[in-house]
Structures are given as C-alpha cells and as structure tokens.
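Read off the chains here:
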Amino acid sequence: MNLTKKEKGVTMVEILVVLAILMILITASTIILNPVEKKARARDNKRFSDINTLDRMINEYLIDNGSYPDLENTLRESDTLPTGNISVDNASDGWIDTDLSEYHSRLPTDPINDAIYKYYYYHNASSYELNAVLEHSLEFAQDDGGDDLDRYEIGNDLTLISP
C-alpha cells in the first residue's frame, strides 16, 4: 500500500453537500413559484373570461329576442344537464336550455365543473344573474357588489341567486 499517492474521487461529504444545496434550491423554487397557486389563478382567469362570454351571449340573445334565454325562475348550474340535452358545453343544447349557438360556438363551462366549482345562471322576466365560484381571486367575489361573498357575480340584479 502506497500512502504517498493521492487518489482522485468524490468523497461522501462532497456528495452530501451537493445534495443539500439541490434540496434547498428545489424547495425555494417550489415555494417561490407555487405551481398550485398559479394553476388556481389561471383557472380563475378562465372563469372571468367565461362569465364575460356568457354575459355577452345572454345580452345579445335578449336584444335579438326580447327575453332572456331559458325558463324564467329556473336556476341552471353548469355541471347539470337539463333533461334531453346533449352535452353541458353544447351551445345549442347545453346546460342553459336555449339554443345560443348563434352567439358562440360552445357554452362555457367551469374549468373543473364539479359539485363545488361551476357556473350558475338565473333570470326572471326583467333581470338575470351569473355566478362563478373562484379558487384564488376571492377579493373579486367580495368586491363585485353582489350578495354572496364566496361567488363572483355578474348581471343586472345580483340578488337573484341567494347565497
């Protein structure tokens, strides 16, 4: 055995130091970037866009037909298909039970569209309301002028759908 000759290689301590630095960087980037929060924010942005699209479709239908689409005093939810309709996002036969295909190619539905995250639509003879449940941008639900602090509301009577 020759003790004067130095062997080249990586020690266990060096490997542990590199692994510790990598773990710190991965943890820091996950905390800073927060992908779960970014996805929730992106879904909320889609909800805002969808609700505005629905609002435009409803108002254009009102201008053309003199009444709001669907049955009066009937709450519609984007995760529930009216009897006999084809698909929730079908503009002519979807979750709003009126042919709106003249105003958009599809009927917007929530990005998650389950029992919690969905869109709501209700109207009477003279007014309507659309709601969306938000994941991240809750301050918009609290500042929209409606009566439900947990839902983003749009329409000309924000008291039609009770909290």
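Residues numbered from 1 in each chain as written. Predicted model: local features only at pLDDT ≥ 70, side-chain atom pairs only at ≥ 80, totals over all residues. Heavy atoms only, no water.

S.K.: Please explain the side chain of S127 as it appears in this structure.
M.R.: Looking at the element boundaries, S127 is found in the loop between strand 2 (119-123) and strand 3 (128-133). The buried category is assigned to S127, whose relative accessible area is 6%. Residues in contact with S127, not counting those within four places in the same chain, are Y68, Y122, N156, D157 and L160. (Helix = DSSP H or I, 4+ residues; strand = E, 2+ residues; numbered from the N terminus. Buried < 20%, exposed > 50% of the residue type's maximum accessible area, 1.4 Å probe, protein only. Contact = heavy atoms within 4.5 Å.)

S.K.: How do you make sense of the sheet that holds strand 1 (residues 76-77) when you look at a structure like this?
M.R.: Note on sheets: strands pair through backbone hydrogen bonds, and any given pair is parallel or antiparallel. Spatially, 1-2-3-4 is the arrangement adopted by the four strands of the open sheet, whose pairing is antiparallel. Of all the strands in the sheet, just strand 1 and strand 4 (151-155) have a single pairing partner and so form its edges. Pairing geometry for strand 3 and strand 4, over five bridges, is antiparallel. Bridged to A132 within strand 4 is Y152. Strands strand 2, strand 3 and strand 4 of the sheet are contacted by helix 2 (residues 35-65), whose axis makes an angle of about 165° with strand 3. (Pairing = 2+ DSSP bridges. Axes fitted to C-alpha atoms, helices over the stretch in contact; angles between N-to-C directions.)

S.K.: In this structure, what is going on with the confidence of the model for the chain? I would like to understand it.
M.R.: Caution is warranted with low-pLDDT regions, since their predicted coordinates should not be read in detail. In this model, the chain carries an average pLDDT of 92, and 96% of its residues clear a pLDDT of 70 or more. Looking at the elements of the chain, mean pLDDT is at its lowest for helix 1 (residues 12-33), recorded as 87, and at its highest for strand 2, recorded as 98. (pLDDT = per-residue confidence, 0-100.)

S.K.: Is there a simple way to explain a nonpolar patch on the surface in this structure?
M.R.: Taken together, the side chains of V10, M12, V13, I15, L16, V17, V18, L19, I21, L22, L25 and I26 define a hydrophobic patch exposed on the protein surface, amounting to about 1,100 Å² of accessible area. As for its placement among the helices and strands, I15 is situated in helix 1. (Patch = residues over 30% accessible without salt bridge, like charges linked within 9 Å, V, L, I, M, F, W, Y side chains within 5 Å. Areas by Shrake-Rupley, 256 points an atom, 1.4 Å probe, with all protein chains shown as cover. Salt bridge = Lys/Arg side-chain N within 4 Å of Asp/Glu carboxyl O.)

S.K.: Whenever I open this one, helix 1 confuses me. Can you help?
M.R.: Along an α-helix, residues three or four apart share an orientation, since each turn contains 3.6 residues. Counted at 1.5 Å a residue, the expected span for helix 1 with its 22 residues is 32 Å, and the 31 Å between its end C-alpha atoms agrees. The positive-phi residue at the C-terminal boundary of helix 1 is N34, with phi of around 40°. (Expected span 1.5 Å × (residues − 1).)

S.K.: Explain the nonpolar core to me, please; I cannot follow it from the model alone.
M.R.: Burial of nonpolar side chains together is a common tendency in soluble globular proteins. Counting 21 residues, the largest nonpolar core has I51, L54, Y121 and L130 as the members making the most contacts within it. Those elements that place two or more of their residues in this core are helix 2, strand 2, strand 3 and strand 4. The next biggest cluster of nonpolar side chains, apart from the first, holds five residues, and it includes Y120, Y122, V133 and L160. (Core = buried A, V, L, I, M, F, W, Y, C linked by side-chain atoms within 4.5 Å.)

S.K.: What am I meant to see in the pattern of salt bridges here?
M.R.: Where charged atoms from two side chains of opposite charge come close, those side chains can pair. Counted under the stated rule, the structure contains 12 salt bridges. In this structure, R47 engages E135 in a salt bridge whose closest nitrogen and oxygen atoms are separated by 2.9 Å. Linking R47 in helix 2 with E135 in the loop between strand 3 and helix 3 (138-142), this pair joins segments that are 88 residues apart in sequence. Where salt bridges share partners, they join R43, D44, R47, D110 and E135 into one cluster.

S.K.: Explain the environment of G145 here, please?
M.R.: As for its position among the elements, G145 is in the loop between helix 3 and strand 4. The spatial distance from the C-alpha of G145 to the C-alpha of T159 is 9.6 Å, given a sequence separation of 14 residues.

S.K.: Help me out: how do you make sense of helix 2 in this one?
M.R.: Compared with the 45 Å implied by 1.5 Å per residue over 31 residues, the 44 Å span of helix 2 between its first and last C-alpha is a close match. Listed in full, the buried residues belonging to helix 2 are A40, D44, R47, F48, D50, I51, T53, L54, D55, M57, I58 and Y61. Residues of helix 2 that are buried sit in contact with strand 2, strand 3, helix 3 and strand 4. Trailing helix 2 by a residue or two, G66 shows a phi angle of about 75°, which is positive.

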